[in-house]
Amino acid sequence: MRQLLLTLSVLTLAACGGGGGGGDATPRPVDPPTATTPPPPAAPPPPTATPEVAGAAGIDVPDGFDFSTSSAVPVHVDLGSTVPAASFLTVCHPEVGTRNADYSRCVLRARVDGGSFDGSVQLPNHVDTLVATLWRFNPATIEAEAVWERASGETVSLTR
């Protein structure tokens, strides 16, 4: 049986291979190439009144605009003597979908003495919401909390 299959395979390959296209054996005459005249060159465009500038040099930027991707946001705490001496401030991103502080994503952690603190944090421009919390360790108590939104003001503030 193997020999029969092998013989059929070899005959099939031999019968299908080769060939030169067949047809008549007389060559056809080839037409000689014709000479064409090239079109006249196009005239250069007239100069424009405003030259085109490539790259960033062509951008028109108003005075006072900068390309900064972050900004300093002031942080102000003024709770007076109502806060114990050893208090701590955290300024954090909110948990996803809530207005609660995500303490694993804080941009500022600082000790607050006497209920007042002034400082700043550098924020990327895409951050629009932060949660500021003033708290103490013993007992673990939140003294004050505020949600800051960029649209409502430029200062993260905890005051009474």
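Residues numbered from 1 in each chain as written. Predicted model: local features only at pLDDT ≥ 70, side-chain atom pairs only at ≥ 80, totals over all residues. Heavy atoms only, no water.

Colleague: I tried to follow the sheet that holds strand S7 (residues 156-159) on my own but got confused; where do I start?
Modeller: The strands making up a sheet associate through hydrogen bonds between their backbones, and the pairing can be parallel or antiparallel. Pairing is mixed in the open sheet, where 3 strands are placed in the order S4-S1-S7. A single partner strand is all that each edge strand has here, and the edge strands are strand S4 (116-124) and S7. Mean inter-strand twist for the sheet, computed between neighbouring axes without regard to direction, equals 10°. Sheet analysis places strand S1 (residues 70-78) next to S4, joined by 9 bridges and oriented antiparallel. In the strand pairing of S4, histidine 76 is matched with aspartate 118. (Pairing = 2+ DSSP bridges. Helix = DSSP H or I, 4+ residues; strand = E, 2+ residues; numbered from the N terminus. Axes fitted to C-alpha atoms, helices over the stretch in contact; angles between N-to-C directions.)

Colleague: I'm lost on the packing of aromatic side chains in this one. Help?
Modeller: Geometry of an aromatic ring pair is reported as the spacing of the ring centres plus the angle between the planes. All chains considered together, the criterion is met by 1 aromatic pair. Taken together, a centroid distance of 5.7 Å and an interplanar angle of 40° make the contact between phenylalanine 88 and tryptophan 135 tilted. Residue phenylalanine 88 is located in strand S2 (residues 87-94), and its partner tryptophan 135 is located in strand S5 (residues 129-136); the two are separated by 47 residues in the primary sequence. The exposure class of tryptophan 135 is partly exposed, given its relative accessible area of 22%. (Phe/Tyr/Trp six-rings, centres within 6.5 Å; stacked < 30°, edge-to-face > 60°. Buried < 20%, exposed > 50% of the residue type's maximum accessible area, 1.4 Å probe, protein only.)

Colleague: Would you take a moment to explain the pairing of S2 for this structure?
Modeller: Look at any regular strand and the pattern is simple: side chains alternate between the two faces of the sheet. Counting buried positions over the 8 residues of S2 gives 7, a clear majority of the element. Pairing geometry for S2 and strand S3 (residues 101-112), over 7 bridges, is antiparallel. In the strand pairing of S3, threonine 90 is matched with arginine 109. Here S2 runs beside S5; their pairing, made up of 5 bridges, is antiparallel. Paired with cysteine 92 across the two strands is valine 131, which belongs to S5.

Colleague: Sorry if this is basic, but what is going on with the environment of serine 157 here?
Modeller: Mapping serine 157 onto the fold places it in strand S7. Each C-alpha atom of the pair serine 157 and alanine 132 lies 7.9 Å from the other, and the pair is 25 residues apart in sequence.

Colleague: Would you mind showing me how to read the pattern of salt bridges here?
Modeller: For side chains of opposite charge, pairing can occur when their charged atoms come near one another. Counted under the stated rule, the structure contains 5 salt bridges. The salt bridge involving glutamate 149 is made with arginine 99; its shortest N-O contact spans 3.0 Å. On the criterion of sequence distance, the pair formed by glutamate 149 in strand S6 (residues 141-149) and arginine 99 in the loop between S2 and S3 is long-range, its members being 50 residues apart. Classification of arginine 99 as partly exposed rests on a relative accessible area of 47%. Here aspartate 128 makes a salt bridge to arginine 150, at a shortest N to O gap of 3.8 Å. Taken together, the residues span a long stretch of sequence, with aspartate 128 in the loop between S4 and S5 and arginine 150 in the loop between S6 and S7 at a distance of 22 residues. Look at arginine 150 and you get buried, because its relative accessible area is 17%. (Salt bridge = Lys/Arg side-chain N within 4 Å of Asp/Glu carboxyl O.)

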